[in-house]
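The residues making up each chain are set out below.
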Amino acid sequence: MENLVRVQDLDSLKQATAHTEHYWLFKHSSTCPVSAAAWNEYNEYCSLHPNQLFLFLVVQEDRELSKNIEALTQVKHESPQLFHFANQKVDWKASHGGITSKAMQEFIA
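In this report, the structure presented in the accompanying data block is examined. Residue numbers here run from 1 along each chain, matching the order of that chain's written sequence. Local features are withheld for residues below a pLDDT of 70 in this predicted model, meaning they are given only at 70 or higher, and side-chain atom pairs are given and counted only at 80 or more; totals for whole chains, interfaces and linings count all residues. Side-chain measures here rest on the full set of heavy atoms in the structure, leaving out hydrogens and waters.

Take the packing of aromatic side chains next. Two rings from Phe, Tyr or Trp (for Trp, the six-membered ring) form a pair when their centres are within 6.5 Å of each other. A pair whose planes differ by under 30 degrees is stacked, one over 60 is edge-to-face, and the rest are tilted. Evaluated as defined, the whole model comprises 13 aromatic pairs. Their ring planes at 80 degrees and their centres at 5.6 Å tell us that Tyr42 and Phe54 sit as a pair that is edge-to-face. Note that Tyr42 is positioned in helix α2 (residues 33–48) and Phe54 in strand β3 (residues 54–58), a separation of 12 residues in sequence. According to the relative accessible area criterion, Tyr42 is buried, its value standing at 0%. Helical segments are the DSSP runs of H or I of at least four residues, strand segments are the runs of E of at least two, and each set is numbered from the N terminus. With a 1.4 Å probe rolled over the protein chains alone, any residue whose accessible area is under 20% of its type maximum counts as buried; one over 50% counts as exposed, and the rest are partly exposed.

Moving on, we get to the sheet that holds strand β2 (residues 22–28). Spatially, the five strands line up as an open sheet ordered β1-β3-β2-β4-β5, and their pairing is mixed. Since the sheet does not close on itself, it has two edges, and those belong to β1 (4–6) and β5 (89–95), each with one partner. Taking each pair of neighbouring strands and ignoring which way they run, the sheet shows an average axis angle of 25 degrees. Examined bridge by bridge, strand β4 (residues 81–86) and β5 share six bridges and lie antiparallel to one another. Within β5, the residue paired with Leu82 across the bridge is Ala94. Contact criterion: two residues are considered in contact whenever any of their non-hydrogen atoms come within 4.5 Å of each other. Note on definitions: angles span 0 to 180 degrees between N-to-C directions of axes, and those axes are lines fitted to C-alpha atoms, for helices only across the stretch in contact. Across the sheet, helix α3 (residues 63–73) is in contact with β2, β3, β4 and β5; its angle to β2 comes to roughly 130 degrees. Where helix α4 (residues 101–108) meets the sheet, it contacts β2, β3, β4 and β5, and its direction lies at approximately 155 degrees from that of β5. When DSSP finds at least two bridges between two strands, those strands are taken to pair.

Turning our attention to α2. Helix length check: α2 (16 residues) gives 23 Å between terminal C-alpha atoms against 22 Å at 1.5 Å per residue, within 8%. Listed as buried for α2 are Ser35, Ala38, Tyr42, Asn43, Tyr45 and Cys46. The buried side chains of α2 occupy one side of the element, clustering within an arc of 160 degrees when seen end-on. The exposed set on the far side of α2, more than 90 degrees from its buried face, consists of Pro33, Asn40 and Leu48. One less than the number of residues in a helix, times 1.5 Å, gives the span that helix is expected to have. Regarding the arc, it is the one traced by the directions from the helix axis to the C-beta atoms.

Written out as structure tokens, the structure reads:
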């Protein structure tokens, strides 16, 4: 999917979001079954909304970016964790079992 983009550092995050006001960012743990379930929900929503931008990072591999996001958002790190940004500010967030395609749809609706 072209609208699902991995970001690994602040530069790639800035590049990916340079031309959009709204985007999703998923902090994924590659070793956690709860994160795997949330990842499936994220991908389901992503596949249904090709005009939205979906970013992700893998916390085990992209730890520095994960810490930077915690500092920028002032939201304590959890994984899995999902943010929606509007104008570079978090306007919706969820973690663990709260990350569902339905919850994302209800927020956007």
